Amino acid sequence: MTEPNVASIDRIELMQTFIRIVEAGSLSGAAVRLGTSQPTISRRLQTLERLLGLKLLQRTTHIMKLTDDGERCYAHAKALVNSWDTMADDLRGATDEPRGLLRVLVPHAFGQDQLIPPLNDYLHRYPKMRVEWMLSDRRPDFIAEGIDCAIQVGAVTDPSAVAILLAEIPRIVVAAPELVGNNPLPTHPEQLQNIPWLAFNSFYRHEVVLSHKVEGEIYRLAIQPKLSTDSLYALRNAALAGLGVGIASTWMISDDIEQGRLVHLTPDWRGLPLPLYLVYPHASFYPARLRAFLDIMRQAMPHLSGTQSPSLPQRLKKKNSGK
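Residues numbered from 1 in each chain as written. Predicted model: local features only at pLDDT ≥ 70, side-chain atom pairs only at ≥ 80, totals over all residues. Heavy atoms only, no water.

1. As for helix α3 (residues 38-52)
- Between its first and last C-alpha atoms α3 spans 21 Å; for 15 residues at 1.5 Å apiece the expected length is 21 Å, and the two agree.
- Within the sequence span of α3, burial applies to T40, I41, S42, R44, L45, T47, L48 and E49.
- With its phi angle positive at about 70°, G53 sits one or two positions after the end of α3. (Helix = DSSP H or I, 4+ residues; strand = E, 2+ residues; numbered from the N terminus. Expected span 1.5 Å × (residues − 1). Buried < 20%, exposed > 50% of the residue type's maximum accessible area, 1.4 Å probe, protein only.)

2. A look at the environment of Q58
- Relative to the helices and strands, Q58 resides in strand β1 (residues 57-59).
- Discounting chain neighbours no more than four positions away, the residues touching Q58 are I63, M64, K65 and T67. (Contact = heavy atoms within 4.5 Å.)

3. Quick notes on a nonpolar patch on the surface
- Taken together, L51, L52 and L54 make up a surface patch of nonpolar side chains, about 210 Å² in accessible area.
- Looking at the secondary structure, you find L51 in helix α3. (Patch = residues over 30% accessible without salt bridge, like charges linked within 9 Å, V, L, I, M, F, W, Y side chains within 5 Å. Areas by Shrake-Rupley, 256 points an atom, 1.4 Å probe, with all protein chains shown as cover. Salt bridge = Lys/Arg side-chain N within 4 Å of Asp/Glu carboxyl O.)

4. Observations regarding the pattern of salt bridges
- Tallied over the full model, the rule gives 13 salt bridges.
- Of the charged contacts in the structure, one is a salt bridge between R261 and D256, with a shortest N-O distance of 2.9 Å.
- For R261, a relative accessible area of 38% translates into the label partly exposed.
- R298 serves as the salt-bridge partner of D295, at 3.0 Å between the closest nitrogen and oxygen. Placement of both D295 and R298 in helix α10 (residues 288-300) is noted, with a separation of three residues, approximately one turn of the helix.
- Three or more residues are tied together by salt bridges with common partners; here these are R20, E23 and K78.

Right, here's the structure in full:
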């Protein structure tokens, strides 16, 4: 094969390719992320190694690992590409139109419903953008998966990420009318003790925590769920079928309550609201496509149906059931 002219080699592209190889963990993975072929990725890696006169990767049939030189090259490449992107963004100006691909991880249920309107706004406002909208309740590995940002429900524990609290999701206790029968509706959490429970594994399994909406008192209730699930849709459908009582996000079951398919139990008590975060990795440079998405989500999130502005911390009086 003819050696490329050194003057014609795009060194930034070589560095970007090397970064993608490391982050994807394979040449084929890097090819998918860069929208090219594996042979092209392999040629770029070989060219970079020839230019530097170094072996950057050790590859066998089953494993690929960085050499010591490769580790140093990766660190330098990240810094170099970030500096290049910062310079390019500054020269193009802050008003540069977002373009390209944005990869976003969103909660499985919330991402199918409530988040579609702001996503629609983003894509209409920036027609040169494409979005990969990934539905999952797992926590992302931004670097390894090449994810730009995530919408996350619940606490953020990744110290390497920026987490902006945008809103809260209120939750209430619900059940099918036939589960209550002709009995009076429960008004206090202790009356829920002997009713079959449905558990949403992501946020409660063996204990339910309810808060009084006025006094802020906390009540803890131990449960042995009849059904446990990691799906909000399954929880709702099981409640509609009369299998048990559960704590559900108000955005999902408000129509069911209005139509009488579900009833709101212990109306003065509610599940603790879930924080809703916008999460993305720390970086010295954020491309226009990400900045524009962050701005739209910041503005839209507190006003979505079924969300509320973050509440102020309260000093809550705790009370345990059975004590």
